[in-house]
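Geometric and topological summary
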Amino acid sequence: MQSVRSTTETMTVTATVFSPASSAVRATQGPPLLSRGQLAGILLLLPAAGFLLAFFLVPALTLFAYSVLTQRADGVVTLPLTVSHFQHFFGTSLYTHVLFSTLRMAAVTAAIAALLGYPVALVMVRSNAMVMRIMTIVVIAPLIVSVVVRTYGWELLLANTRTGVVNWVLLSLGIIHQPIRILYTETAVIIGSLHVFFPMMVLPLASALSKINPQLEDAARTLGAPSWRVFWRVSLPLSLPGLAVGFTLVFSLTASSYVTPAILGGTGAQMLGNLIEQQIAAVYDWPFGATVALVLVATVIGINLASTWFFERRNRL
Amino acid sequence: MHTQPAAVRLADLTKHYGKAVAVDRLSLNIEPGELVALLGPSGCGKTTSLRMIAVLVQPSGGEIFVNGASITRVPVHKRNIGMLFQSYALFPHLTVAENVIFGLEMRGIKRRAAGLRVQEALDLVQLGGHQHKLPSQLSGGQQQRVALARALVIEPAMLLLDEPLGALDKSLRESMQVELRLLQRRLGITTVMVTHDQDEALTLADRIVVMRDGRLEQVGSPAEVYQYPATRFVAGFLGVSNFFQGTVDGRTGEAVLVRCSNDLQLTVPAASVPSGSATIALRPEAVRVGPVGRVPPGPNMVVATLEQAVYRGFMVHYYLRLPGGEPLIAFQQNSGNGVVVGMDPGQPVLAEWDEGSNRLVRDE
Ligand SMILES: Nc1ncnc2c1ncn2[C@@H]1O[C@H](COP(=O)(O)OP(=O)(O)O)[C@@H](O)[C@H]1O
Ligand SMILES: [Mg+2]
């Protein structure tokens, strides 16, 4: 039940990333007379559109409707309309704290993924076809293992006791004398999220970098630019579209994750996803759970739109 | 803009890619201020040679000297070279002015001084009013001129051009060739250009380096290489040539007699007599075509069948067939008096040429 709900959240967010597709659908509906090709296009889209409508849009909208409805004592959600859930959310410092730490962890994860992703992506596109294929497989590999298994693996590595692998290594090397606290902190959640979502950064970056005409870098070098300036002035600005996609994906997926903060964050680094789960599965407060979900989705969409706008503006300059 | 033109020397420059040899022991002296064209068919190693001169690729062997000093291990960004690429390679996210100023920024030149030089360079290529446009807002010819301004503004010691006009259409290419040539002369900048277009090489170059399979085939002025091709490959690649195969059959006076068949003997002015078989190249424009008046008594003439006469404006191209079955092509200029000498296909005609037009070439 819980994992089903967390995948729905993920879908909510990824759907915003691929919004160009939905505007394309709208565009084909524009002209009054449909050509054969357009008709075929609509027919081809119908099954997917129907599926989205029945299993995503309707449940999502129902849930969002809950956020402005009232739950009676017997558990039935009904009228009257109210904004009290939102007032409750933004009026309680615990909840706004979780909101901000969610956004912070997502932003830090995306930023670190970008910093680590660029070198990997650069090596990937500079290599021959064979190395490129092997690297792609290695980068994608984390996606093949279940997120739960992977996260429990990290729990073993990061455990705060002397037997936690990281602590054990640091203690054995004499770098620390007391076990340090990593598990149940934001650091642990960020490490776990990075591991899962790293390919979402590397693949768009590699794709964007590979589209850059290699002669541009040669030209910059002949004009006197050492490697780091070639990267800073040519490769980086020209790969911003890839960075925008990667950042959006990693940020959104991290912000809406549930399993990773549940296992690695515990109560020390809660995210909105865990709050939603508590409200709905433990407290049975559907309207408030829906409110948190709506806040999450709205903030993530807002930040993604803002960052897309920023990157596109940079790109046009 | 003042540049100190560089003397460049390539010594046994070699590049291997795995087992394949892209460039094989290329040696060449380039005089200061000279424009040298590397000419050859696609894949013969021109680009690789040019990139080695720029040190964009490390040679597998050999050395490059600029003004006597080896620069083979100097990193590209420390060299002072202007390079033009076939794809123009303008930075698409930067304006024309930002593109041109790039090299000056890398050299840490102050904004104001750099701005003046950018203005000067853009005026030089007649693009003064386009500073704030993006490359995508310019035509192909304008883009290549921006690339030229960007390469020249840093006052490079040498200019390297990789098929710089290849992406332009024919008429624009011809006018850009003239512009480029004038500019290069005026600035007196040592230039190496890569092209597979023989017209471009003949028009622009002080000297042409004909390359084949990674090796230097012949080097000389355009007229030398065209008039005196050293090998069958050069004679065929640069312009059109007829080829005759024959055996050396003694001497007649100052010339060597080569017997090609019972119907055709050639005389070649040559000091030393190569024995055995010989290959002779003959330019079509050297061949005169006329009606058969008398039986040909001497060498360097043959009665052939006219297969086709193609009227090409100021020229007529005659496609002939020799008695032995080999083709012979003749280009003849029209007199300009409006009279076209009529000859009917299928008729025998007399083709003749001067002894001095026959070129003994190496055939390998
Ligand atoms: N980076 C490379 N890796 C492998 N082979 C290459 C590379 N660059 C060029 N070659 C090979 O070297 C030869 C010469 O290439 P190039 O210098 O580009 O020829 P050209 O410019 O005369 O067309 C070609 O056979 C080409 O396939
Ligand atoms: Mg080439």
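Residues numbered from 1 in each chain as written. Chains lettered and ligands numbered in written order. Predicted model: local features only at pLDDT ≥ 70, side-chain atom pairs only at ≥ 80, totals over all residues. Heavy atoms only, no water.

Here's the deal with the sheet that holds strand S18 (residues 327-333) of chain B
Residues and elements named next belong to chain B. Read across the open sheet, the five strands follow the order S15-S19-S16-S17-S18; overall the sheet is antiparallel. Of all the strands in the sheet, the pair left with one neighbour each is strand S15 (288-291) and S18. Pairs of neighbouring strands in the sheet enclose a mean axial angle of 45°, with direction left out of account. Sheet topology places strand S16 (residues 301-312) next to strand S17 (residues 315-321); seven bridges connect them, and they run antiparallel. Residue pairing in the sheet places Arg-312 in a bridge with Met-315 of S17. (Pairing = 2+ DSSP bridges. Helix = DSSP H or I, 4+ residues; strand = E, 2+ residues; numbered from the N terminus. Axes fitted to C-alpha atoms, helices over the stretch in contact; angles between N-to-C directions.)

Quick look at the interface of chain B and chain A
At the interface, 23 residues of chain B touch 19 residues of chain A. For the pairing of chain B and chain A, the buried interface totals around 2000 Å² over both sides, and the portion due to carbon and sulfur atoms is 61%. By the criterion of area lost to chain A, the three top residues of chain B are B:His77, B:His93 and B:Met106, representing 32% of everything that side buries. B:Glu105 serves as the salt-bridge partner of A:Arg233, at 2.5 Å between the closest nitrogen and oxygen. Across the contact surface, chain B and chain A share six residue pairs in polar contact (both at pLDDT 80 or more). Sorting the residues of the side of chain B that touches chain A by element identifies strand S6 (81-84) and helix H2 (96-106) of chain B as the ones contributing at least two each. (Contact = heavy atoms within 4.5 Å. Buried area = accessible area lost by both parts, 1.4 Å probe. Salt bridge = Lys/Arg side-chain N within 4 Å of Asp/Glu carboxyl O. Polar contact = N/O pair within 3.5 Å; in protein donor to acceptor, adjacent residues only side chain to side chain.)

Some remarks on the domain arrangement of chain B
Residues and elements named next belong to chain B. Parsing chain B into structural domains produces domain 1 (8-236) and domain 2 (244-361). Placing the centre of domain 1 and that of domain 2 at their C-alpha centroids yields a distance of 40 Å. Taken together, the contacts link eight residues of domain 1 with seven residues of domain 2. Around 680 Å² of area is buried between domain 1 and domain 2 when both sides are counted, 44% of it from carbon and sulfur atoms. The largest share of the area that domain 1 buries against domain 2 comes from Tyr-226, Arg-232 and Ala-235, three residues that together contribute 58% of it. Between domain 1 and domain 2 we count zero salt bridges in total. Of all elements in the fold, only helix H7 (222-227) and helix H8 (232-237) reach the threshold of two or more residues within the side of domain 1 that touches domain 2. (Domains from an automatic or database assignment.)

Remarks on helix H1 (residues 46-54) of chain B
Residue and element names in this part refer to chain B. With seven of its nine residues buried, H1 lies for the most part within the structure. Turning to H1, its buried residues number three or more, namely Lys-46, Thr-48, Ser-49, Leu-50, Met-52, Ile-53 and Ala-54. Once H1 finishes, Val-55 follows within two positions and takes phi at roughly 60°, a positive value. (Buried < 20%, exposed > 50% of the residue type's maximum accessible area, 1.4 Å probe, protein only.)

Let's talk about the pairing of strand S1 (residues 8-17) of chain B
Two faces make up the sheet, and in a regular strand the side chains alternate between them. Residue and element names in this part refer to chain B. Of the pairings in the sheet, the one linking S1 to strand S2 (residues 20-30) comprises seven bridges and is antiparallel in character. When the sheet's bridge partners are listed, Val-8 is paired in S2 with Ile-30. Taking the residues that link successive antiparallel strands as the turn, the S1-S2 hairpin has two residues, and the phi of Gly-18 there is positive, at about 60°. The pairing of S1 with strand S4 (residues 61-66) spans five bridges and is classified as antiparallel. Each residue of the ladder has a partner; that of Ala-11, found in S4, is Glu-63.

Structural notes on the site of ligand 1
Residues and elements named next belong to chain B. All residues adjacent to ligand 1 are Tyr-17, Ala-22, Pro-41, Ser-42, Gly-43, Cys-44, Gly-45, Lys-46, Thr-47 and Thr-48. Contact distances for ligand 1 include 2.6 Å between an oxygen atom and a side-chain N or O atom of Thr-47. At a separation of 2.5 Å, an oxygen atom of ligand 1 approaches a polar side-chain atom of Thr-48. For ligand 1, the protein covers 54% of the area, taking 560 Å² as the surface of the free molecule. Here the shell around ligand 1 takes three residues from H1, the largest share from any one element. (Near = heavy atom within 4 Å. Areas by Shrake-Rupley, 256 points an atom, 1.4 Å probe, with all protein chains shown as cover.)

Notes on the environment of B:Pro75
Residues and elements named next belong to chain B. Its place among the elements puts Pro-75 in the loop between strand S5 (69-70) and S6. Under the relative-accessibility criterion, Pro-75 is labelled partly exposed at 36%. Separated by 94 residues in sequence, Pro-75 and Asp-169 have C-alpha atoms that sit 35 Å apart.

A few points about the packing of aromatic side chains
Residues and elements named next belong to chain A. Under the defined criterion, the tally for this structure stands at eleven aromatic pairs over all chains. Pairing Phe-89 with Phe-288 gives two aromatic rings, centres 6.3 Å apart and planes at 40°, and the pair type is tilted. One end of the pair, Phe-89, is in helix H4 (residues 84-91); the other, Phe-288, is in helix H15 (residues 286-316), with 199 residues separating them in the sequence. For Phe-89, a relative accessible area of 0% gives the class buried. (Phe/Tyr/Trp six-rings, centres within 6.5 Å; stacked < 30°, edge-to-face > 60°.)

A closer look at the nonpolar core
If you look at the biggest cluster of nonpolar residues, it comprises 138 residues, and the most contacted ones within it are A:Phe89, B:Phe102 and B:Leu160. In terms of residue count, helix H5 (residues 93-126) of chain A provides more of this core than any other element does, twelve residues in total. Ignoring sequence-local partners within four residues, the contact set of A:Phe89 consists of A:Tyr95, A:Thr96, A:Leu99, A:Leu272, A:Leu275, A:Phe288, A:Val292 and A:Val295. Counting 27 residues, the second-largest nonpolar core is a separate cluster that includes B:Val248, B:Ile280, B:Tyr318 and B:Val349. (Core = buried A, V, L, I, M, F, W, Y, C linked by side-chain atoms within 4.5 Å.)

Comments concerning H2(B)
H2(B) sits mainly inside the fold: nine of its eleven residues count as buried. Of all the positions in H2(B), only B:Val96, B:Ala97, B:Asn99, B:Val100, B:Ile101, B:Phe102, B:Gly103, B:Leu104 and B:Met106 are classed as buried. Against the buried residues of H2(B) lie helix H10 (214-222) and helix H11 (227-238) of chain A together with helix H3 (111-124) and helix H4 (140-152) of chain B.

Overview of the sheet that holds strand S9 (residues 207-212) of chain B
Two modes of strand pairing occur in sheets, parallel and antiparallel, and in both the strands are linked by backbone hydrogen bonds. All names here are of chain B. Strand order in this open sheet of six strands is S6-S7-S8-S3-S9-S10, and the pairing throughout is mixed. For this open sheet the edge positions go to S6 and strand S10 (215-220), each flanked by a neighbour on one side alone. Averaged over neighbouring strand pairs, the angle between their axes works out to 15° when direction is ignored. Where strand S3 (residues 35-39) lies against strand S8 (residues 190-195), five bridges are found, and the strand directions are parallel. Residue pairing across strands places Leu-39 opposite Thr-195, the latter belonging to S8. Against the sheet, H1 engages S3, S6, strand S7 (158-162), S8 and S9, with an angle of about 155° to S7.

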